[in-house]
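Examination of the molecular architecture
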Amino acid sequence: MSSDVQLASVYTEEQKEIRIGVRRRSAGSYVLDASLLVLSFLMLSPFLWIISTSLRLPKDSFSLPPAIFPTDFNFNNYAEVFNRVPFADFIGNSLKISLLIVVGHIFISSMAAFAFSRISFPGRNLIFIIFLAGLMIPGQVTIIPQFILISRLGLIDTHWALILPALINPLGIFMIRQMMMTISSTYDEAAYMDGASRMWVFLKVILPMVFPAIAVTSVMTFIANWNDFFRPLIFLNTFEKMTLPLGMTVLTGTFGSGNLSAILAGVTLSLVVPLLFYIFGQKYLVEGITAGGLKL
Amino acid sequence: MVASIILSFNKYNVITPSKFIGLDNFKDFFDDDRLGTVYWNTLKFVLILTPLHVILGLLLALAVQRKIATGLKYFYRTVFYFPVLATSAAVAVAWSFMFNKEFGVLNYFLSLFHIEGIPWMQSPSWVFLAVAIYSFWKFIGNAFLYYFIGLQNIPETLYEAAEIDGANKVQRFFAITLPMLSPMLFFILVTTLIGTTQIFDEPYLITGGGPGDASRSVNMYIYEVAFQRHEMGYASTVSISLFLAILSITVLQFALGKKWVSYDQE
């Protein structure tokens, strides 16, 4: 962790703002304020349109002018989404897969990071560099051998096809290791002196100290897997097993060009989990990045 | 774990699992006309999207970082960042309807300004603007958030010292903000470059690669060859070429980065 972080926190929010350079409000600053407000409205307007249109009657769903604010309140579209396609399954599958990956990934990454930062064994640095090289290989390049392997294991069209390959991600190991490297070894030495086991040092001494790195890795892993479209597209075929992103294409196919409102009702529902996640997760995301998870 | 790494390198051996055909795939590779198109399209995506995120993300972060109410800051951060979290396939589906030429929302609002019937999906040049608009909306929050946090970590003392020395706003930006932000800028540049070189979701969900092959990326082509034409061997060849392209871009980035990224910030 850099000393900058501690230094910065000594200053009040106002002092921080002053240093960016706007002390007296200039004309330019009002222009910027206005542009930011307009841009925010433009960024929000697709959401407003999605929600408003999802509440329209199906026969009006394509009609112009479009609605930015709701004019109808027809919730039948939402029922339709659950009745015509297994939408609850989509959400459940996505949640299940993303959460299992986060838990498994943190379990493996934190232990690997502990080994790479605190246990010395021959070839440690070489193995770590090989791991980091894995970061350079883009996901889609490995998808073909991965597909062949998964199909030989007979796991095509199962959730394991998505979970197992995602459990190991060099980026997570890297971020947690970087933070562990900043912890002085006197902590471990003191604990070992008191007769602590290696597992105890890992769980009770080191792990609590790298919480920001764990939090940011969890948040990022969750977002990446929640939004993953490519791998479910390749590995899953059965409707009931599909994840939410893949399910969206099923929804579009089902309602086709007939009922845009139902499709947008599905889109609205797909935003619920990310919204909850933002509310509870954004604090950790910001803290984690700030606390030096990102010292490259 | 090591096994998975070894396996990831095994792609070179899996090229033709059933039958060894030597260099035939590589011969096809150089005879494939569509490959030139998809590589050119991908290059266009990279050239459009990378500056878009790297530069506009910074401008947005600077604008929000000014002296404005804390509540308003939180509001902007939420508005800009939330689309990043929004389920991508879902919002992409919604956007593909917004881009519709006849009944799309976008053309409706443009028609209020007397701009009529833009063929977002039907014209080989408009599709790129459509993808750029979507990409800005969906992902600008990512670059924004990283810059925003980077800006907050610059120690005040530097600015105070510069002010005492009589440096003006522009001088302070180039002498302090930019160098201090350079590691973050570098991180965003490298990840955006790698990300857009592998672009798949945006064209697949919004344009479908069309019209024709006009917006088909290399990754979409690999998907088509491997999982629709079931030519795993040839798809591997293409994917290795993409890997080499990404690797060389990244190596080049790190070599150039040494010249302008300053890490001694303690």
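All residue numbers refer to position in the chain's written sequence, counted from 1. Chain letters start at A and ligand numbers start at 1, both assigned in the order the entries are written. In view of the model being predicted, local features appear only for residues whose pLDDT reaches at least 70, and side-chain atom pairs are presented and counted only at 80 or more, with totals across whole chains, interfaces and linings using the full set of residues.

**Digging into the overall build of chain A**
The secondary structure content of chain A amounts to 16 helices and zero strands. Exposure classes come from backbone-placed C-beta atoms, where a residue is buried if 20 or more other C-beta atoms lie within 10 Å of its own, exposed if 12 or fewer do, and partly exposed in between. Here chain A, with 296 residues, has 38% of them falling under the buried criterion. Taking as baseline every contact in chain A between residues at least 6 positions apart, the subset at least 24 positions apart corresponds to 74%. Helix and strand assignments follow DSSP, with helices taken as H or I runs no shorter than four residues and strands as E runs no shorter than two, numbered in order from the N terminus. It is the C-beta atoms, placed from the backbone, that decide contacts: two residues are in contact if theirs lie within 7 Å.

**Quick look at the overall build of chain B**
From N to C terminus, chain B includes 13 helices and zero strands. Along the chain direction, N to C, the helices and strands of chain B fall in the order α-α-α-α-α-α-α-α-α-α-α-α-α. Within chain B, the proportion of its 266 residues that are buried is 39%.

**Examining unusual backbone geometry**
Residue and element names in this part refer to chain A. Of note, Asp157 is a non-glycine position whose phi angle comes to about 65°, a positive value. By the secondary structure assignment, Asp157 is in the loop between α7 (139-152) and α8 (160-166). C-beta crowding within 10 Å serves as the criterion here: with 14 such atoms nearby, Asp157 is assigned to the partly exposed category.

**Things to note about the UniProt feature "domain: ABC transmembrane type-1" (unreviewed entry) in chain B**
UniProt positions are given in the numbering used here, feature names are shortened, and annotations may be inferred rather than shown by experiment. Within the UniProt annotation, "domain: ABC transmembrane type-1" (unreviewed entry) is assigned to residues 39-253 of chain B. When the span residues 39-253 of chain B is considered, its composition is 77% helix and 0% strand, and the gap between its end C-alpha atoms is 20 Å.

**What about the environment of B:Met220?**
Residues and elements named next belong to chain B. Looking at the secondary structure, you find Met220 in helix α12 (residues 218-228). Along the sequence, Met220 and Met184 sit 36 residues apart, while their C-alpha atoms lie 30 Å from each other. In contact with Met220, other than residues within four places in its own chain, are Phe200, Pro203, Tyr204 and Gly209.

**Describing helix α12 (residues 211-227) of chain A**
For α12(A), built from 17 residues, the straight-helix expectation of 24 Å at 1.5 Å per residue is met to within 8% by its first-to-last C-alpha distance of 24 Å. The buried fraction of α12(A) is high, at 14 of 17 residues. The span expected for a helix works out to 1.5 Å for each residue beyond the first.

**Overview of the nonpolar core**
Under the definition applied here, buried Ala, Val, Leu, Ile, Met, Phe, Trp, Tyr and Cys residues are grouped into a nonpolar core through C-beta atoms within 7 Å. Among the nonpolar cores identified, the biggest contains 128 residues, and A:Ile176, B:Val93, B:Ala94, B:Phe144 and B:Tyr147 are the most heavily contacted of them. Here the element with the most residues in this core is helix α8 (residues 126-152) of chain B; it accounts for 14 residues. Apart from the residues lying within four places of it in its own chain, the contact partners of B:Phe144 are B:Gly57, B:Leu60, B:Ala61, B:Phe80 and B:Tyr81.

**Observations concerning the UniProt feature "transmembrane region" (unreviewed entry) in chain B**
Residues and elements named next belong to chain B. UniProt marks residues 38-62, 74-98, 126-149, 173-195 and 234-256 with the feature "transmembrane region" (unreviewed entry), using the numbering shown here. Within the segment residues 38-62, helix and strand shares are 100% and 0% respectively, and the terminal C-alpha atoms sit 36 Å apart. Across residues 74-98, helical content stands at 92% and strand content at 0%; the span's end C-alpha atoms are separated by 28 Å.

**Thoughts on the UniProt feature "transmembrane region" (unreviewed entry) in chain A**
Residues annotated by UniProt as "transmembrane region" (unreviewed entry) correspond here to residues 30-51, 97-116, 128-148, 160-180, 201-223 and 260-280 of chain A. Annotated as residues 97-116 of chain A, this span is 100% helix and 0% strand, and its ends, taken at the C-alpha atoms, are 28 Å apart.

**A word on the confidence of the model for chain B**
Residue and element names in this part refer to chain B. Every residue carries a pLDDT, the predictor's confidence in it, which falls somewhere between 0 and 100. Taken over all residues, the pLDDT of chain B has a mean of 79, while the share at 70 or more is 87%. By mean pLDDT, helix α1 (residues 2-9) is the weakest element of chain B at 39, and helix α4 (residues 33-64) is the strongest at 88. Below pLDDT 50 for its whole length, residues 1-17 participates in 28 contacts with residues either more than four positions away or in separate chains.

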